[in-house]
Amino acid sequence: MNVVLDNLDVFGSGLWTTLKLTALSFLLALGIGVVVATARVSPAAPLRAAGLAYVETVRNTPPLVLLFLFVYGLPKTGVKYSLFISAVLVLGGYTGAFVAEALRSGISAVPIGQAEAARSLGLTFTKTLRYVVLPQAFRTVIPPLGALLSALVRNTSLAAPIGVLELTARAGQLNTTDPNPVWIYLAAAAAYMVVTLPLGAVTRLVERRVAVAR
Amino acid sequence: MSLAPQASAPPASTSQPLIVLDKVCKSFGSHEVLHDIDLTVDRGEVVVVIGPSGSGKSTLCRCINRMEVASSGSITLDGVPLPQEGRALARLRAQVGMVFQSFNLFSHRNVLDNVTLAPIKVRGIPRKQAEATARELLDRVGIGDKADQLPAQLSGGQQQRAAIARALAMEPKVMLFDEPTSALDPEMINEVLDVMRELAASGMTMVVVTHEMGFARTVANRVVFMDGGRIVETAPPEEFFANPKSERARDFLGKVLSH
Ligand SMILES: Nc1ncnc2c1ncn2[C@@H]1O[C@H](COP(=O)(O)OP(=O)(O)OP(=O)(O)O)[C@@H](O)[C@H]1O
Ligand SMILES: [Mg+2]
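Residues numbered from 1 in each chain as written. Chains lettered and ligands numbered in written order. Predicted model: local features only at pLDDT ≥ 70, side-chain atom pairs only at ≥ 80, totals over all residues. Heavy atoms only, no water.

As named in an unreviewed UniProt entry, chain B is ABC-type polar-amino-acid transporter, taken from Pseudofrankia asymbiotica. In its Subcellular location (unreviewed entry) section, the UniProt entry covering chain B states "Cell membrane". (UniProt positions renumbered as here; feature names shortened; annotations may be inferred.)

Per an unreviewed UniProt entry, chain A is named Amino acid ABC transporter permease, and its organism is Pseudofrankia asymbiotica. One UniProt comment on chain A, placed under Sequence similarities (unreviewed entry), says "Belongs to the binding-protein-dependent transport system permease family. HisMQ subfamily." UniProt, in its Subcellular location (unreviewed entry) section for chain A, records the words "Cell membrane".

Here it is, written out as structure tokens:
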């Protein structure tokens, strides 16, 4: 117990890194999600194929393997990012594939007449998506996006093995200097829950806010 | 014959027809939906298209702004063949207003935003100016007081009038109507038809698919009767309704006029 209370600052700094990692990765994931979902519904077959290839590659690879590949493999080709940035890129890219699929299902839930009306007014494909279809698609995918965000919070722990000092890595450090795995990892688990549990409530709140009368 | 210089630029603004369909065919897979459609629409003309369900009326309408791509034949608007795709096609569509049976107002935007979206995002008109024009148009169709409401808060007739205002905001050369009153409760049909009458009187070129025979009789310059993907008969309304030439048109009129 004391090992936790005596080291609250260590947990705090780990949690802070976890939150930064989550926020940046999720922003990246949203960006990638929009781009890939757009490609997936594009009239251009090569774009659709590229979108599908991205989604299938990411969904069928363990994220930890992608991280190792990025951190240990990529430098061999001369490209090198800091550990933190590497983690953001991989977690964002990974989550982005799932965001894309969520968005795509949201897009197909928007009645086709909405896009037809937009196109009949002279909006191009991308403007139709941007101003008419995506805003409506986002509303229907708030719950899945909330779930993806929650999963991302937990997935940031994958950055521990590559040496990003987020919550799990800090807990690990503490456990080597002052071994007390039960309390240390219980505290870490609790810290994750403190972040993820309110997410469900926030998601429901946002959902109510944006769900206007139809 | 005057010696005044003939308009040398190709879109000779008055003499040339606005829309020309030449031998247009359209198939979905092996199912031929339009067969050798020849149709010319002059400036300011109101053409009403009627015919039984499945005869290809909607498809014809949708081919004119290339929402459906004709399988063969040619379509020109103002002397210019319809562009294949991309920006040029978007520019063409901006000149062709379309009104749908199911209104298709953007459900996440209020009525004013519905009307201003395309002028702002497609034509780059400043918001203020677009809103002023939009309010005038909403007044013109009689729903000026609904500008700040969401589409779902409007009745069907009001939604359809908003949709007409939205299309007009792009200052189209022609308006296409695909059964604009078919989804409306009977008491709302006339408020929409009145707006269309006013539009026709203002000189707008219109292609109207409808089952409203009263509208066809009184507003149309020409009635086009379709059946089985072909134009079976085309005539001025008084002639068409008084003595349809084809058996199929007689049949059809017998059915629609009897109830
Ligand atoms: N996207 C499509 N794919 C396949 N077949 C289609 C498609 N759109 C229309 N059709 C077929 O084309 C034919 C003509 O359809 P269209 O909608 O143009 O008829 P319509 O005259 O407008 O009929 P209605 O009065 O019922 O609206 C119908 O047989 C229809 O099933
Ligand atoms: Mg139809």
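Having seen the model, we can carry on.
### Quick notes on the overall build of chain B
The helix and strand inventory of chain B stands at 9 helices and 10 strands. Rg of the C-alpha trace for chain B: 19 Å, near the compact-globule value of 18 Å for 259 residues, within the 12% margin. Projected onto its principal axes, the C-alpha positions of chain B cover 55 × 50 × 45 Å. Every one of the 259 residues in chain B was classed for burial, and the buried ones make up 53%. Long-range pairs, those at least 24 residues apart, make up 66% of the contacts in chain B with a sequence separation of at least 6. With an accessible surface of roughly 11700 Å², chain B has 49% of that area assigned to carbon and sulfur atoms. Of note, chain B has its 28 positive side-chain charges centred 6 Å away from the centre of its 30 negative side-chain charges. (Helix = DSSP H or I, 4+ residues; strand = E, 2+ residues; numbered from the N terminus. Rg over C-alpha atoms; globule rule 2.2 N^0.38 Å. Buried < 20%, exposed > 50% of the residue type's maximum accessible area, 1.4 Å probe, protein only. Contact = heavy atoms within 4.5 Å. Areas by Shrake-Rupley, 256 points an atom, 1.4 Å probe, with all protein chains shown as cover. Lys, Arg positive; Asp, Glu negative; His and termini not counted. Charge placed at Lys NZ, Arg CZ, Asp CG, Glu CD.)

### Concerning the UniProt feature "transmembrane region" (unreviewed entry) in chain A
The positions that UniProt labels "transmembrane region" (unreviewed entry) are, in the present scheme, residues 21–39, 81–100 and 182–206 of chain A. Along residues 81–100 of chain A, the helical share is 90% and the strand share 0%, with 25 Å between the first and last C-alpha atoms.

### As for the sheet that holds strand β7 (residues 174–178) of chain B
Strand pairing in a sheet relies on backbone hydrogen bonds. The paired strands run either parallel or antiparallel. Residue and element names in this part refer to chain B. One open sheet accounts for 6 strands, arranged β6-β7-β8-β3-β9-β10; its pairing is mixed. The open sheet has two free edges, formed respectively by β6 (96–99) and β10 (230–235), since each of these has just one partner strand. Adjacent strand axes in the sheet meet at a mean angle of 20 degrees, parallel and antiparallel pairs treated alike. Inspection of the sheet shows β7 paired to strand β8 (residues 205–209) by 5 bridges, in the parallel sense. Residue pairing across strands places F177 opposite V208, the latter belonging to β8. Packed on one face of the sheet, helix α9 (residues 247–257) meets β3 (46–50), β9 (222–227) and β10 and runs near 100 degrees to β9. (Pairing = 2+ DSSP bridges. Axes fitted to C-alpha atoms, helices over the stretch in contact; angles between N-to-C directions.)

### Let's talk about the sheet that holds strand β1 (residues 19–28) of chain B
Residue and element names in this part refer to chain B. As summarised here, the arrangement of the 4 strands in space is β2-β1-β4-β5, forming an open sheet in which the pairing is antiparallel. Edge strands, defined here as strands with exactly one partner in the open sheet, are β2 (31–41) and β5 (80–81). The pairing of β1 with strand β4 (residues 72–77) spans 5 bridges and is antiparallel. Bridge pairing links D22 to S74 in β4.

### Here we look at the UniProt feature "domain: ABC transmembrane type-1" (unreviewed entry) in chain A
As annotated in UniProt, the feature "domain: ABC transmembrane type-1" (unreviewed entry) corresponds to residues 15–203 of chain A in the numbering used here. Helix makes up 80% of residues 15–203 of chain A and strand 0%. Its end C-alpha atoms lie 21 Å apart.

### Structural notes on helix α1 (residues 57–64) of chain B
Note on helix geometry: an α-helix contains 3.6 residues per turn, so any two residues three or four positions apart are oriented the same way. Residue and element names in this part refer to chain B. With respect to burial, α1 is a largely interior element, 7 of its 8 residues being buried. Among all positions in α1, only K57, T59, L60, C61, R62, C63 and I64 are buried. Positive backbone phi, at 60 degrees, marks R66, one or two positions downstream of α1.

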